[in-house]
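So the chains spell out like this:
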Amino acid sequence: VQLQASGGGLVQAGGSLGLSCAASGRTFSNYAMGWFRQAPGKEREFVAGISWSGGSTYYADSVKGRFTISRDNAKNTVYLQMNSLKPEDTAVYYCAAERRTYGLGPTEAYKYDYWGQGTQVTVSS
């Protein structure tokens, strides 16, 4: 499956930004989806995940209550709505897909099968 992330940009602290990730090539609903991020000099970290059906979501503690992941299987798209952004949220954000039609996807990046190209999110203080 090919993934194309979009929606990044520059925003002030406390602001909001929405990311999208469009999938093509395979049956989108056969995949659990995740959002990860990587700041300069740091390892890629899990941000949020959503099950193949969209019925289950889970978040890193650092974004819980501020970020919302969702998906629209009819549009082959997964979203990440980011509110109350902080400077420490600054990173390149990646969407990823793992073939799974049960339970929740992993939080480990290496377990995902496909990756988007990343989109930069910069939060100014």
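Refer to the structure above for everything that follows.
Caption draft 1: Structural detail: the overall build of the protein. Check the secondary structure of the protein and you find zero helices and eleven strands. Along its sequence from the N terminus, the protein presents helices and strands in the succession β-β-β-β-β-β-β-β-β-β-β. The C-alpha radius of gyration of the protein comes to 13 Å, within 12% of the 14 Å expected for a compact globule of 125 residues. With the C-alpha coordinates aligned to their principal axes, the bounding extent of the protein is approximately 40 × 25 × 25 Å. Counting the 125 residues in the protein, one finds 43% classified as buried. Across the protein, the fraction of contacts at a sequence separation of at least 24, relative to all contacts at a separation of at least 6, is 58%. Counting only carbon and sulfur atoms, one obtains 46% of the accessible surface of the protein, whose full area is about 6100 Å². With 12 positive and 9 negative side-chain charges, the protein shows a separation of 4 Å between the mean positions of the two kinds.

Caption draft 2: View of the state of the cysteines. The final tally for this structure, using the stated rule, is one disulfide. Covalently, Cys21 is tied to Cys95 through a disulfide, its sulfur atoms 2.1 Å apart. An S-S torsion of about 65 degrees defines the bridge between Cys21 and Cys95 as right-handed. With Cys21 in strand S3 (residues 17-24) and Cys95 in strand S9 (residues 91-99), the pair connects residues that are 74 residues apart, well separated along the chain. Cys95 matches Cys21 in its accessibility class, with the two residues each being buried.

Caption draft 3: Region of the structure containing the sheet that holds strand S1 (residues 2-6). Taking strand neighbours across the sheet as the criterion, the four strands line up as S1-S3-S8-S7 in an open arrangement whose pairing is antiparallel. In this open sheet, the two edge strands, each paired with only one partner strand, are S1 and strand S7 (67-72). The sheet shows a mean angle of 15 degrees between the axes of neighbouring strands, taken without regard to direction.

Reading the values: rules and limits
Residues numbered from 1 in each chain as written. Predicted model: local features only at pLDDT ≥ 70, side-chain atom pairs only at ≥ 80, totals over all residues. Heavy atoms only, no water. Helix = DSSP H or I, 4+ residues; strand = E, 2+ residues; numbered from the N terminus. Rg over C-alpha atoms; globule rule 2.2 N^0.38 Å. Buried < 20%, exposed > 50% of the residue type's maximum accessible area, 1.4 Å probe, protein only. Contact = heavy atoms within 4.5 Å. Areas by Shrake-Rupley, 256 points an atom, 1.4 Å probe, with all protein chains shown as cover. Lys, Arg positive; Asp, Glu negative; His and termini not counted. Charge placed at Lys NZ, Arg CZ, Asp CG, Glu CD. Disulfide = S-S within 2.5 Å. Pairing = 2+ DSSP bridges. Axes fitted to C-alpha atoms, helices over the stretch in contact; angles between N-to-C directions.

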